[in-house]
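Observations on chain architecture
One-letter residues, chain by chain:
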Amino acid sequence: MSGEGWRHHVTSWWRARSIRQMVLMAGAVLLLVSGLFGGLRDAPAEAAVPLVVGKPHEAAPFTLTVERARWTSDLGEIAKTDRGRYLIVIVKVRTDADRSVDLSTLQEALALRGAKGIYAAMGGDKIVPSLEVTPSVYVLADGTPMSALPPGLTYELVYIWEQRGSEPVPERLKLASRSHTWRQSSLDEQMNWFDPTVDAVGTVPLIEAKP
């Protein structure tokens, strides 16, 4: 092989080796992030089972039963808005764990998919993809904010998202339930519910709440 050919061969080999190293490093970073923060866990809709209104669905550590959906601009003592509306989903939730489950896990258990103009938080200004929004959760019976769910108990809860008024009122809401895994944290070695993963998708008719 000529000197020029040898240099070309070595250069090609070195570039290929560098590319392989970059791919491996990127994969290692992705695995590290996945281990620390739960990773990219949202499954595609076609991989999930149907989430059916009125039918209990096990999404660890809960059993969820989506009952109905309403919209309104007036939540009474909870909140009012003149810039749009609140999208409300009433869900019966039972805690199947043998210990209390924190609010953040409860909020992650139900997500809104594909809705436009959803604020990141009630009263906030930022619009984000609806799947990324953390809903507010209240107890239906008395309108109090929900906190940790004690083991074995069932609550009828209200999940709330705020939508800007320039968007048309949806005829149906597309919902996704997420299950969690009980495991040790990679950060502090504490046990908790991690890795929220979409396991069911369905729709529920949305109608206006009447006074």
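Refer to the structure above for everything that follows.
Below you will find a few notes about this structure. (Residues numbered from 1 in each chain as written. Predicted model: local features only at pLDDT ≥ 70, side-chain atom pairs only at ≥ 80, totals over all residues. Heavy atoms only, no water.)

**Describing the side chain of Thr105**
Heads up, the rule is: Labels follow the DSSP assignment, with helices taken as runs of H or I lasting at least four residues and strands as runs of E lasting at least two, numbered in each case from the N terminus. Three exposure classes are used, based on accessible area relative to the maximum for each residue type with a 1.4 Å probe and protein chains only: buried under 20%, partly exposed in between, and exposed over 50%. Each polar contact in these results corresponds to two N or O atoms within 3.5 Å; when the atoms are within protein, one needs to be able to donate a hydrogen and the other to accept it, and residues that are neighboring in sequence are counted only if both atoms are side-chain atoms. Any two residues whose heavy atoms approach within 4.5 Å are treated as being in contact.
Residue placement: Thr105 occurs in helix H2 (residues 103-108). Judged by its relative accessible area of 1%, Thr105 is buried. Side chain to side chain, Thr105 and Asp102 meet in a polar contact 2.7 Å long. With residues near it in sequence (within four places) discarded, Thr105 still touches Pro61, Phe62, His180 and Trp193.

**Structural notes on the pairing of strand S4 (residues 84-95)**
Short version of the rule: Any two strands with at least two DSSP-identified bridges between them are counted as paired.
Summarising burial for S4: 10 of the 12 residues are buried, a large majority. Strand direction decides the pairing type here: strand S3 (residues 62-72) and S4, joined by 10 bridges, are antiparallel. Its bridge partner lying in S4, Thr65 is registered against Lys92.

**Here's the deal with the nonpolar core**
Selection criterion: Think of a nonpolar core as a cluster: buried Ala, Val, Leu, Ile, Met, Phe, Trp, Tyr and Cys residues, connected wherever their side-chain atoms sit within 4.5 Å.
Counting residues in hydrophobic clusters, the biggest one holds 34 residues, and the most contacted among them are Val89, Leu106, Tyr159, Trp161, Leu173 and Leu175. The biggest single contributor to this core is S3, with five residues. Beyond its immediate sequence surroundings of up to four residues, Leu106 is in contact with Phe62, Val93, Val137, Met146, Ser147, Leu149, Leu157 and Tyr159. With eight residues, the next largest nonpolar core counts Leu75, Ala79, Ile88 and Val158 among its residues.

**Some remarks on the pattern of salt bridges**
As a reminder of what qualifies: Throughout this description, the term salt bridge denotes a Lys or Arg side-chain nitrogen within 4 Å of a carboxyl oxygen of Asp or Glu.
The final tally for this structure, using the stated rule, is 10 salt bridges. The closest approach of N and O atoms between Asp96 and Arg94, which form a salt bridge, is 2.8 Å. Residue classification places Asp96 among the partly exposed residues on the basis of a relative accessible area of 38%. By relative accessible area, which is 36% here, Arg94 ends up partly exposed.

**Topic: unusual backbone geometry**
For the peptide bond that leads from Ala60 to Pro61, omega is 10°, which places it in the cis range. Within the secondary structure, Pro61 sits in the loop between strand S2 (57-59) and S3. Its identity is not glycine, yet Glu189 carries a phi of approximately 65°, on the positive side. Tracing the backbone shows Glu189 in the loop between strand S8 (172-184) and strand S9 (191-208). Exposure remark for Glu189: the relative accessible area of 57% places this residue in the exposed category. Even without being glycine, Asp195 reaches a positive phi, approximately 60°. Along the chain, Asp195 falls in strand S9.

**Some words on the packing of aromatic side chains**
Short version of the rule: In summary, the pairing rule links any two rings of Phe, Tyr or Trp, Trp by its six-membered ring, whose centres are within 6.5 Å, and it sorts them by plane angle into stacked for under 30 degrees, edge-to-face for over 60 and tilted for everything else. Counted as over-ring charges are cases with an Arg CZ or a Lys NZ within 6 Å of the ring centre that also lie within 35 degrees of the ring normal.
A complete count under the given rule lists two aromatic pairs for this structure. In this structure, Arg83 is placed above the aromatic ring of Tyr119, and the distance from its NZ or CZ to the ring centre is 3.7 Å. The side chain of Arg85 reaches across the aromatic face of Trp71, ending 6.0 Å from its centre.

Shape is all these values report; function is a separate question.
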